[in-house]
Amino acid sequence: KVKGFGVISGFSFEHESKEYKILCIDCDGQAAIDMLSSFVRELGYDELPQTVQWSSGKEGRYQLGFLIPKETWPRVRTIKFDTGSKYIDNGHKKPVLLEFRWEGLQSVLPPSEHPDTGQYHWINEFINIVEFPEWGYPIFNKVSAKYSKDNQVNGKVEAVSIPKLWCYRDWE
């Protein structure tokens, strides 16, 4: 019995006669949400366009999905920003990250099971996924002094470790 669904960012597909890949933006807590809002305001906008969003149900955590058209793929990369804040997970302090998930990274989708909250859920399930705005691409040029990871080296995607918990735990 399948207990989860996901999307692997960066795989191409055709939609309405146009080729796309999916970008997922993962906010790990309020500090990540604030950082994303700050980036958007720095670009002169109040917010990102409304698009599909989902959550594990943990407070302040959610992801947004965006379509990236083929002509803009070279402008996108995986990048993680450490907000400087921490949260406690199973007794361990972990950094609150804002992550732009591009090629080869997995995002778990509803109605997948979640070990702490029971199930992922859609925040706005009746909103379609939309294209990432043209004005947003400068975000990928940012460098975080605290933590930044780019999984593309010389145009090739490096291996990315995906936790066993999300790949095949309890799948029959």
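All values reported here derive from a predicted model rather than from experimental measurement.

## Considerations on the confidence of the model for the protein chain
Piece 1. Per-residue confidence for the protein chain averages 80 on the pLDDT scale, and 82% of its residues sit at or above 70.
Piece 2. Every residue in residues 144–172 scores below 50 in pLDDT, and together they form 54 contacts with partners more than four places removed in sequence or on other chains.

## Quick look at the pairing of strand E3 (residues 18–27)
Piece 1. Along E3, 8 of the 10 residues are buried, which leaves the element largely enclosed by surrounding structure.
Piece 2. Counted between consecutive antiparallel strands, the loop separating strand E2 (residues 13–15) from E3 contains 2 residues, among which Glu 16 sits at a positive phi close to 50°.
Piece 3. Pairing between E3 and strand E5 (residues 62–69): 8 bridges, direction antiparallel. When the sheet's bridge partners are listed, Ile 25 is paired in E5 with Leu 64.
Piece 4. Strand direction decides the pairing type here: E3 and strand E7 (residues 92–101), joined by 4 bridges, are antiparallel. Residue pairing for E7: Ile 25 is matched across the bridge by Phe 100.

## Considerations on the packing of aromatic side chains
Each aromatic ring pair is characterised by the separation of its centres together with the angle its planes make.
Piece 1. One pass over the full model with this rule turns up 10 aromatic pairs.
Piece 2. Ring plane angle 80° and centroid distance 5.3 Å describe the contact between Phe 132 and Tyr 137, whose orientation is recorded as edge-to-face.
Piece 3. Both rings, one in Tyr 137 and one in Phe 140, keep their centres 6.2 Å apart while their planes meet at 45°; by these two values the pair is tilted.
Piece 4. Its relative accessible area of 3% is what places Tyr 137 among the buried residues.
Piece 5. On the basis of relative accessible area, Phe 140 is assigned to the buried category, the value being 2%.
Piece 6. Three or more aromatic residues link up through ring pairs in this structure, and these residues are Phe 39, Phe 66, Phe 81, Phe 100, Phe 132, Tyr 137 and Phe 140.
Piece 7. Looking at Lys 21, its charged tip hangs above the ring of Trp 73, at a distance of 4.1 Å from the centre.
Piece 8. The ring of Tyr 137 carries Arg 75 above its face, with NZ or CZ at 4.3 Å from the centroid.

Thresholds, definitions, all that
Residues numbered from 1 in each chain as written. Predicted model: local features only at pLDDT ≥ 70, side-chain atom pairs only at ≥ 80, totals over all residues. Heavy atoms only, no water. pLDDT = per-residue confidence, 0-100. Contact = heavy atoms within 4.5 Å. Buried < 20%, exposed > 50% of the residue type's maximum accessible area, 1.4 Å probe, protein only. Helix = DSSP H or I, 4+ residues; strand = E, 2+ residues; numbered from the N terminus. Pairing = 2+ DSSP bridges. Phe/Tyr/Trp six-rings, centres within 6.5 Å; stacked < 30°, edge-to-face > 60°. Lys NZ or Arg CZ within 6 Å of the ring centre and 35° of its normal.

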